[in-house]
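Analysis of the macromolecular model
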Amino acid sequence: MDLLFTTLLAHMRELKWQEAVDLVVENPILITLEDDELHLSPLHHALMNKANFYVISTLVSHWLLKEDLHSLTEMQLVHLACEHKASFDVIRYLLSLSPEAWKTKNSKGYTPFMIALSKQLDEDILYNLDDCDMGAIGDFCSLGSANCKVVDVYFEKDY
């Protein structure tokens, strides 16, 4: 199993997405494992390497065979997707699976919306996240004037 997991992570690092997906489809247990170094799942690695919607949705569908939806929030996948500038489709998909993730704060006290603002993600992503987390704008602004400038760019009319 260790060799298969190592191979899976290598495919992800090399952006060989079809090979990674095929390996997970053939061996769904791989999706539940974590690496020894960072203690991250293949799903985390895929997000960190900006995998596309097809890859993320396939990995999630196989991961869900082993776990429940509640764990998606605990894994902070939406935070990671925002941090690594995932596409709108990936972020929207992850939010649809775990709506409570919209308001969940990570260990630094940031919601996905705050991370998306700091990374100045696509306006569609910001507005999608904003629908549920308008209170985070005030929290984000309180962290410094540079943050308020970002808010002004995207939400000047609304805030």
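The structure under discussion appears in the preceding block.
**Thoughts on the overall build of the chain**
Secondary structure summary: the chain contains 11 helices and zero strands in total. Its helices and strands in sequence order give the chain the pattern α-α-α-α-α-α-α-α-α-α-α, from N to C terminus. A total of 159 residues make up the chain; the buried ones form 47% of that total. Considering only contacts in the chain between residues 6 or more positions apart, those separated by 24 or more positions represent 63%.

**Remarks on the environment of Ala51**
Here Ala51 lies in the loop between helix H3 (42-48) and helix H4 (53-63). Classification of Ala51 as buried rests on a relative accessible area of 8%. Taking the C-alpha atoms as reference points, Ala51 and Leu15, separated by 36 residues in sequence, lie 7.8 Å from one another. Apart from the residues lying within four places of it in its own chain, the contact partners of Ala51 are Trp17, Ala46, Ile56 and Val90.

**Description of the packing of helix H2 (residues 17-26) against H4**
In contact at an axis separation of 10 Å, H2 and H4 are set at 10° when each is read in the N-to-C sense. Here H2 lies roughly parallel to H4, going by the angle between them. Handedness of the crossing formed by H2 with H4: left-handed. Together, Trp17, Gln18, Val21, Val24 and Val25 of H2 and Tyr54, Val55, Thr58, Leu59 and His62 of H4 make up the contact between the two elements. Here the residues of the contact of H2 with H4 are counted per class, giving seven nonpolar, three polar and no charged.

What counts and how
- Residues numbered from 1 in each chain as written.
- Predicted model: local features only at pLDDT ≥ 70, side-chain atom pairs only at ≥ 80, totals over all residues.
- Heavy atoms only, no water.
- Helix = DSSP H or I, 4+ residues; strand = E, 2+ residues; numbered from the N terminus.
- Buried < 20%, exposed > 50% of the residue type's maximum accessible area, 1.4 Å probe, protein only.
- Contact = heavy atoms within 4.5 Å.
- Axes fitted to C-alpha atoms, helices over the stretch in contact; angles between N-to-C directions.
- Parallel < 35°, antiparallel > 145°, perpendicular 65-115°, else oblique.
- Left-handed = near helix turned anticlockwise from the far one by under 90°.
- Nonpolar A, V, L, I, M, F, W, Y, C, P; charged D, E, K, R; others polar.

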